[in-house]
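Breakdown of the fold
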Amino acid sequence: MDQKVRVTFGTKLGIIAATAGSAVGLGNIWRFPSQTAQDGGAIFVFVYLACVAFFGMPIVLAEFILGRAGKANSAGTYRNLAPGKKFHYFGYFAIIAAFLIMGFYMVVSGWTMEYLALSITGELGRTQDFAALFDQLRNSPGTQIFWMVVFMISTAGIVAFGVKKGIELASKLMMPLLLLVMIILCIRAVTLPGAGEGLTYLFAPNPENARSAGARILTDALGQSFFSLSVGMGCLMTYASYFGKDVRLAKTAGTMATLDTSVALLSGVMIFPAAFALTTDPGSMVETLKTGGPGLVFIAIPQLLQSLPAAQLWSIFFFLLLVLASLTSTISLLEVITAFVHEEVRVTLPKPIRLRKSSTENTVLHQEYRIARPFAVTVISAGVIFLGVLCSYSLGADTSLVIFGLNFFDFLDYITAKLMMPIGGIFISLFAGWYLDKKILAAELSNAGTIPLRFFKTYRFILRFVAPVGIAVVLVCGLIG
Ligand code: TRP
């Protein structure tokens, strides 16, 4: 690696903002409520919380350890930690996963921008039928593509500025605002008449509600926990490669996972009371939720918002919240690929080229080039937009894009969250638990012996056995169940 001193995040707050910023996103505010709804409420929520605690968090910490020890993009990290071995292929797997995730994530991010625009122009307020509005958007590839491109450009703009001036600064500005807006909206939702019904649905396990989902709850909850924590595919590893020596990894992992899980629960607290308060028939609401999950945020919430005083202001707030949450996540996804392209890919010229600038000064182009950040970002963005275009068309306008019975959009969501990320998680825990030198593990956890090492044996046991075996069992049961 020719980069001697790697850039680091500037402050501890910056690190929390960036890692939590990556984790908190559409996964929490759009995907979590929609999965909860499809799987019938509280039981799903409890399985999800267990997955976060037993599988997600230990692997978040493992990614931090590997990233800071390996000090490179996800492929380079494996190469640095296991020279001469083939483990870096796993880094490539992660890069591909990040790319596929961005393909559908960007489309949903585009929806959030469209709804923000509709809120600002006041058009949302004039709408009578919110389900029809959302349907219309899903059937208009042009509009989706337009907003997706706008969102991609915003993401690329931030990442092009690099780690400190781009990612860290943007996250530090956006995350506190996001939490504030979220808390205000939660208070609004739980004080609505009829809100209790929604809270019961979210927190009181009811086998009746969850019956039709069956064992699928397992893979859904596992996939959701990994997706929400951004864990299992080298994203946090890449961020951790920018951590300084004095960052307490276990504490940071705990804070980040707690923030992420709190935001997911808060968004449940915001959305379900709203959905139940909105309906005149709470009994049939459970069934409606099962089929209408993905539209929840874009149908139920706008409708609810319109019934409040100062509706326009609330809806601008809400969609701004979604845009911000999403942006701090898309920059992290883009950074995984950008760091890889910038650090690993070399352009080789057959021989040095001499450019004559003036008669006195010659410039020589060297044989090997790194790809500069802005250029890397541009090329990757073009690729993501291509995937996004396919996704947008697959949602309604073009039904030929069907793979294994899923449209292209759902297919990407399925293979990444439900297969690639859990498999990635198994791999990371095995690598950190079995292959990585115990001394490196201990040194990273204790910051080279400067802070006490607690629960080391337990943690290593989780990495070696509990997490890999547990994830494999959950994955297989869910898939065949
Ligand atoms: N965790 C983010 C969310 O909940 C999405 C995300 C960002 C992500 N980076 C990731 C998902 C890396 C998987 C892997 O919206």
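Higher on the page you've got the structure.
Calculation criteria
- Residues numbered from 1 in each chain as written.
- Predicted model: local features only at pLDDT ≥ 70, side-chain atom pairs only at ≥ 80, totals over all residues.
- Heavy atoms only, no water.
- Helix = DSSP H or I, 4+ residues; strand = E, 2+ residues; numbered from the N terminus.
- Buried < 20%, exposed > 50% of the residue type's maximum accessible area, 1.4 Å probe, protein only.
- Contact = heavy atoms within 4.5 Å.
- Lys, Arg positive; Asp, Glu negative; His and termini not counted.
- Charge placed at Lys NZ, Arg CZ, Asp CG, Glu CD.
- 1 Å grid on protein atoms, 1.4 Å probe; cavity = no way out; pocket = protein on both sides within 12 Å on 5 of 7 lines; lining within 4 Å.
- Points joined across faces, edges and corners; volume = space filled by probe spheres on them.
- Nonpolar A, V, L, I, M, F, W, Y, C, P; charged D, E, K, R; others polar.
- Axes fitted to C-alpha atoms, helices over the stretch in contact; angles between N-to-C directions.
- Parallel < 35°, antiparallel > 145°, perpendicular 65-115°, else oblique.
- Near = heavy atom within 4 Å.
- Polar contact = N/O pair within 3.5 Å; in protein donor to acceptor, adjacent residues only side chain to side chain.
- Areas by Shrake-Rupley, 256 points an atom, 1.4 Å probe, with all protein chains shown as cover.
- Sits in = over half its atoms within 2 Å of the grid points.
- Salt bridge = Lys/Arg side-chain N within 4 Å of Asp/Glu carboxyl O.

**Looking at the overall build of the chain**
In terms of helices and strands, the chain carries 21 helices and six strands. For the chain, the spread of C-alpha atoms along the three principal axes comes to 80 × 60 × 40 Å. Relative to its full complement of 481 residues, the chain shows a buried share of 56%. Sequence-distant contacts in the chain: of pairs separated by 6 or more residues, those separated by 24 or more amount to 83%. Taking the average location of the 35 positive side-chain charges in the chain and that of its 25 negative ones, the two points are 15 Å from each other.

**Regarding empty space enclosed by the protein**
The rolling of a water-molecule-sized probe over the atoms marks out the regions of remaining empty space. Across all of its chains, the model carries three cavities of 30 Å³ or more by this definition. Taken as a whole, the largest cavity encloses approximately 130 Å³ of empty space. In terms of lining, the largest cavity is formed by 15 residues, of which the most central are Ser-22, Tyr-105, Phe-227, Ser-230 and Leu-333. When contributions to the lining of the largest cavity are tallied by element, the ones reaching two or more residues are helix H1 (12-23), helix H5 (88-121), helix H12 (216-229) and helix H17 (311-344). With three residues, H17 is the single largest residue contributor to the lining of the largest cavity. Taken together, the residues of the lining of the largest cavity break down into eight nonpolar, seven polar and no charged. Considered as a void within the structure, the second largest cavity measures approximately 60 Å³ in volume. At the level of secondary structure, the elements contributing two or more residues to the lining of the second largest cavity comprise helix H9 (163-190) and helix H16 (296-306). Residues belonging to the lining of the second largest cavity are distributed by class as follows: eight nonpolar, no polar and one charged.

**Concerning the packing of helix H2 (residues 26-38) against helix H19 (residues 408-435)**
Interaxial distance between H2 and H19 falls to 15 Å at its minimum, and their mutual angle equals 90°. By the angle between their directions, the pair H2 and H19 is classed as roughly perpendicular. The segment H2 lies against H19, with Trp-30, Arg-31 and Gln-35 engaging Phe-409, Asp-413, Ala-417 and Lys-418.

**Remarks on the site of the ligand**
Taken together, 17 residues sit near the ligand, with Ala-23, Gly-27, Tyr-105, Phe-227 and Ser-230 positioned nearest. Within the backbone of Ser-22, one N or O atom sits 3.3 Å away from a nitrogen atom of the ligand. Protein burial of the ligand: of its 360 Å² of free accessible surface, 100% is covered by the chains. Here the ligand is seated within the largest cavity. Broken down by secondary-structure element, the contributors of at least two residues to the shell around the ligand are H1, H2, H5, H12 and H17.

**Description of the pattern of salt bridges**
Applying the stated criterion to the full structure yields nine salt bridges. We note a salt bridge from Glu-344 to Arg-79, for which the minimum N-O separation is 2.8 Å. Of this pair, Glu-344 sits in helix H17 while Arg-79 sits in helix H4 (residues 74-81), and the two are 265 residues apart along the sequence. Under the relative-accessibility criterion, Arg-79 is labelled partly exposed at 31%. For the salt bridge of Arg-373 with Glu-335, the shortest nitrogen-to-oxygen distance reads 2.9 Å. Separated by 38 residues along the polypeptide, Arg-373 in helix H18 (residues 373-394) and Glu-335 in helix H17 bring together distant segments of the chain. Glu-335 sits in the buried class, given a relative accessible area of 0%. When salt bridges with common partners are traced through the structure, they connect Asp-39, Arg-216, Asp-220 and Lys-418 into a single cluster.

Distances and angles like these do not, on their own, reveal function.
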